[in-house]
Amino acid sequence: MVVKFLQAEYKRRSQLKPLLWQNTIKLPLEDVYTRLKIVSRRKSDFQLQNNEVSMYGIFEGKDDVVVLVEGSPGIGKTTFCLKIAYDWAKEKIPKGCSFPEFVVVLLLKCRDINGDIVDAIAEQLLPERMEETVKKEFMDFIEDFHYQEKVLIILDGLDELPKKSESHVDRLLSKKFLPFCYVLVTSRQERGIAVRQKVDFDILLQIQGFTEEDAFEYIRKHFRYAGSEHLATGERLITQIKENTFLQALPSNPLNLLLLCVVFEDYQGELPSFRTELYQIIIRCLLRRYCAKHNLEAPGDDQALEEKYKDGLLVLGELAWRCLLEGRFSFREEELAKFESEIKDLAARKLGLVFKEASVKRLNPQHEYHFFHKTFQEFLAATYLAHKLLKEGVDVFREFKLWFGGHVADEYRQVFLFVSGILGKDAGVLFKQIGERLASEGWDWLKCSEEEATFFTESFIESRNAEQMAMTLCSFIPFPLTVEITGSDEELEDFKETPNILMVAEA
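Per chain, the residues get numbers from 1 upward, laid out in the order the sequence is written. The predicted origin of the model limits local features to residues at a pLDDT of at least 70 and limits the giving and counting of side-chain atom pairs to 80 or more, whereas totals for whole chains, interfaces and linings rest on all residues. Heavy atoms from the whole structure form the basis of all side-chain values; hydrogens and water molecules are not counted.

Peer 1: I would appreciate a short explanation of the overall build of the protein in the present structure.
Peer 2: Helix and strand assignments follow DSSP, with helices taken as H or I runs no shorter than four residues and strands as E runs no shorter than two, numbered in order from the N terminus. Secondary structure assignment for the protein yields 23 helices and 11 strands. A simple rule labels every residue: compare its accessible area, found with a 1.4 Å probe on the protein chains alone, to the largest value its type can have, and call it buried under 20%, exposed over 50%, or partly exposed in between. Across the 507 residues in the protein, those meeting the buried criterion constitute 53%. Sequence-distant contacts, at least 24 apart, represent 71% of the contacts inside the protein between residues at least 6 apart. Here the open area of atoms and residues is found with the Shrake-Rupley method and a 1.4 Å probe, where only the protein chains shown may cover a residue. As presented, the protein carries roughly 24,400 Å² of accessible surface, and 47% of it is formed by carbon and sulfur atoms. Positive charge is attributed to Lys and Arg, negative charge to Asp and Glu, and no charge count is given to His or to the chain ends. Every charge is mapped to an atom, namely NZ of Lys, CZ of Arg, CG of Asp or CD of Glu. In the protein, 66 positive and 83 negative side-chain charges are present, and the distance between their average locations comes to 6 Å. Two residues qualify as a contact provided that any one of their heavy atoms is within 4.5 Å of a heavy atom in the partner residue.

See the structure below:
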């Protein structure tokens, strides 16, 4: 009876609510689940391997093993757990794989464990009105040494486990309680790094998200579920991802890819006209997800939401910019800890914008936080620079020893495009500084490179106030009254058809 109830419960849970702060989006697991890439981690030094492990090969044919599966925020750890429980409930686990034939699968949310494991099973999985004799028989079955090898316990979200329950979970992981059960644990890397130092896991794995092929398959499933009339919309999104490099930062992470699909739907088969707006939407969604996961009230207004977590965003932005200046894509834990000692209740590491990875050093290890992708790092850095420009009046050229051609228009080009977009109508403060710097260097429009000219037009457009920004720049470095343009007939024809913001502003 209990097994049938568990099976019905996992089938019920298969209606996914991927956006925790919104009830309107529910996706059936069976229709939209897409394979995640999983790799193993070496036990000797915890380094990741190049091999790929299938979902139903995670136990490697071993008996009563304890497996740790790590992954960054939004990478699909919870969906991975639910997929296993759902396939067990539907008797859809492939035959002939190394996955044992379990009689009982117990899927527990670590955040809701308020006592020992037995209490958690009763509270989370068993019906309230179940007869006590039936409950006792079921618990006796689980605790009986003869049957434990037929039981799989899945603990989802070890990083969310309440402090008071750690000792009870530690007993399970160290096989002091239910020693012959199979145990599967998921966690963000931050918690995983700490727990694998004290628990001798039999197998260590990491979810790396979607490959490009799997990401495109997910998009097709997402829009197929929306209806056959939406299939073409999915194909248009795939085409845009292939053609736009700044979109290629998103698809490997399932949560970010879902958000991209939702935004694409909301914009009726298009994406926001400005890349800054797309990343702002995604960051705000991640902030709302953080609030929902931690039962925190999230302001309905986007600006109020960003203001609420301004400190965390600016700290991550400062670290992101510092790393870019130094050619790094990660920062040391001690760098973040310094900010946490100065700012009370700083939520930077918990917002879901960075993930922690273990140090490769055995002596004096320094664990590091990584950005999901360089584009996210650049957006966070731009958030910090926009604040410095607008709120603190800092001259970024002088403060960070920048020069225009090699830095702003080249090496940190995407950062300053984002800065223009974030500042919007106030982007004049950036172009004023650019104009002052170029004027002091005797800059000549006639020697402007293609990369520099493209930067100007793209950043003007990104500000959504192109003509005013161009006028601000041209007030410091006037555009020539006459310009000789050379090129092929085709190139000249293209030029005629392209509105020249600089010439309009100068006129």
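Peer 1: Even after reading the chapter, I still don't get the environment of Phe331, so can you show me in this structure?
Peer 2: Inspection of the secondary structure puts Phe331 in strand β9 (residues 330-332). Ignoring any residue separated from it by four or fewer positions in sequence, one finds Phe331 in contact with Leu316, Leu319, Cys323, Leu336, Val354, His367, Glu368, Tyr369 and Phe371.

Peer 1: What is the right way to read the packing of aromatic side chains from this model?
Peer 2: Aromatic rings in a pair are described by how distant their centres are and how their planes are angled relative to each other. Two rings belonging to Phe, Tyr or Trp (six-membered ring only in the last case) form a pair when the distance between their centres is within 6.5 Å. Interplanar angles under 30 degrees mark stacking, angles over 60 mark edge-to-face geometry, and anything in between is tilted. Throughout the structure, instances matching the rule amount to 33 aromatic pairs. A centroid spacing of 6.0 Å and a plane angle of 65° characterise the contact between Tyr10 and Trp88, whose relative ring orientation is edge-to-face. Of this pair, Tyr10 sits in helix α1 (residues 2-13) while Trp88 is found in helix α3 (residues 77-89), placing the two residues 78 residues apart along the sequence. Each member of the pair, Tyr10 as well as Trp88, is classed as buried. Seen from their ring centres, Trp443 and Phe456 are 6.0 Å apart, and the 80° between their planes marks the pair as edge-to-face. Taken as a pair, Trp443 in the loop between α19 (428-440) and α20 (450-462) and Phe456 in helix α20 lie far apart in primary sequence, 13 residues in all.

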